[in-house]
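For reference, the chains in residue letters:
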2 protein chains.
Amino acid sequence: MKAHLAKTMEIPEEEKRLENQLCFAVYSTAHAFTRAYKPILDKVGLTYPQYLVMLALWEKSEQAVKAIGEQLDLDSGTLSPLLKRLEQNGLIKRTRDSRDERQVVVSLTDKGRAMRGEIDTIMTAIGQAAGCTLEEMKTIRGLLRGLRSNLTAAV
Amino acid sequence: MKAHLAKTMEIPEEEKRLENQLCFAVYSTAHAFTRAYKPILDKVGLTYPQYLVMLALWEKSEQAVKAIGEQLDLDSGTLSPLLKRLEQNGLIKRTRDSRDERQVVVSLTDKGRAMRGEIDTIMTAIGQAAGCTLEEMKTIRGLLRGLRSNLTAAV
DNA sequence: CAAAATTCACTTGCGTACAATTTAATTGCG
DNA sequence: CGCAATTAAATTGTACGCAAGTGAATTTTG
């Protein structure tokens, strides 16, 4: 991918408007997603970031905090209190790894495992709300992955 | 746009993985943007949401809190403390509207107006970091607008 | 092998987000 | 006109995000 504007080229005023910022499109869509998830996730007692952690655990039911952080791109400063709340709600268990006492292994409880039964209901509801075709979904997903990887590499 | 999956159709396991969620692609790209902006905005002493408010004010230098909230899709619970910080930093001024005392009119100070001079530097830097063509940018922006409008309508 | 460097999770502090409540001002309706 | 409903902003309480720092465990290195 190439830079869209050369350094010497003036940025047109129209491109400086809030509504035309790509970052804002991403930012506001992220909020729209969170709001769309809220009534659905309220029913099962999860927040949206907690739901993402559960998705990671439903894929692999025993993971260190660090591994979860790598998938979600979140650090322990965010995850520690979040995981504590999931534990208080009885969905996960946290135990020190006996092989490496620095690590905390997060694992699903029966209740946490059982909650995976809601996944189809949740995803269908969100799919309806997003209201785009599988094709569009894949297109956006792919474009965002490229964008994210550029942004991450740049820092 | 049509729903991508009929209610009676099973969702394939692959589509249930965290990495394949459209919501997660949006969520993690939003974070990547915030991180990419951080070193750039640190230089001018703004956070990313504060920068978005400044963009709105650089377009129209006097606006009620409500009007700003409508553009950013944020409520006064978020904006009130944020605007207080912008005021403390001397970038904006807040005054009660004499025609309608319920409203608080936010306006740029000279310092806030002067900061617009940084906009080209900031946008060029982010454009480089995002590293996509103007074409791609417009494509993603357009797709996200559609997605956001669907999600908002659904709630 | 022991000291230094690194790693992992936790904690603290600050700044969003957002629901819900509060207070003050304005509008609308009988 | 007068009171109820509405509106705008601020406040309170909960939950992220993330930088920076702490402390304990492990790895690296001299």
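In this text the structure is predicted, and so the values were computed from the model without any measurement. (Residues numbered from 1 in each chain as written. Chains lettered and ligands numbered in written order. Predicted model: local features only at pLDDT ≥ 70, side-chain atom pairs only at ≥ 80, totals over all residues.)

**Q** Got a minute to help me understand the overall build of chain A in this structure?
**A** In terms of regular secondary structure, chain A is built from seven helices and three strands. A compact globule built from 155 residues would reach a C-alpha radius of gyration of about 15 Å, whereas chain A, at 19 Å, exceeds it by more than 25%. For the C-alpha atoms alone, the extent of chain A along its principal axes is close to 60 × 40 × 25 Å. Out of the 155 residues in chain A, the part that is buried amounts to 31%. (Helix = DSSP H or I, 4+ residues; strand = E, 2+ residues; numbered from the N terminus. Rg over C-alpha atoms; globule rule 2.2 N^0.38 Å. Buried ≥ 20, exposed ≤ 12 C-beta atoms within 10 Å, placed from the backbone.)

**Q** Before we go on, may I ask you to explain the interface of chain B and chain A in this structure?
**A** Interface size is commonly expressed as the accessible surface area that is lost when the partners come together. Each side of the interface is counted separately: chain B has 58 residues, and chain A has 59 residues. Among the secondary structure elements, those contributing two or more residues to the side of chain B that touches chain A are α1 (22-42), α2 (48-59), α6 (119-130) and α7 (134-154) of chain B. It is α7 of chain B that contributes the most residues to the side of chain B that touches chain A, 15 residues altogether. A per-class count over the side of chain B that touches chain A returns 33 nonpolar, 13 polar and 12 charged. (Contact = placed C-beta atoms within 7 Å. Nonpolar A, V, L, I, M, F, W, Y, C, P; charged D, E, K, R; others polar.)

**Q** Would you take a moment to explain the sheet that holds strand β2 (residues 92-96) of chain A for this structure?
**A** Strand pairing within a sheet occurs via backbone hydrogen bonds; the two strands may be parallel or antiparallel. Residue and element names in this part refer to chain A. The three strands lie next to each other as β1-β3-β2, forming an open sheet whose pairing is antiparallel. Since the sheet does not close on itself, it has two edges, and those belong to β1 (62-64) and β2, each with one partner. Averaged over neighbouring strand pairs, the angle between their axes works out to 25° when direction is ignored. Here β1 runs beside strand β3 (residues 104-108); their pairing, made up of three bridges, is antiparallel. Directly across from E62, in β3, lies its bridge partner S107. The strands that helix α3 (residues 65-72) touches are β1 and β3; relative to β1, the one it contacts most, it runs at about 85°. Its contacts with the sheet put helix α4 (residues 76-88) on β2 and β3, and the angle it makes with β2 is roughly 120°. (Pairing = 2+ DSSP bridges. Axes fitted to C-alpha atoms, helices over the stretch in contact; angles between N-to-C directions.)

**Q** How do you make sense of the protein's contact with DNA strand C when you look at a structure like this?
**A** In the vicinity of DNA strand C lie 28 residues, with K66 and G77 of chain A together with T47, G77 and E101 of chain B positioned nearest. The element contributing the most residues to the surface near DNA strand C is helix α4 (residues 76-88) of chain B, with five residues. Tallied by class, residues from the surface near DNA strand C come to eight nonpolar, 10 polar and 10 charged. (Near = placed C-beta within 6 Å.)

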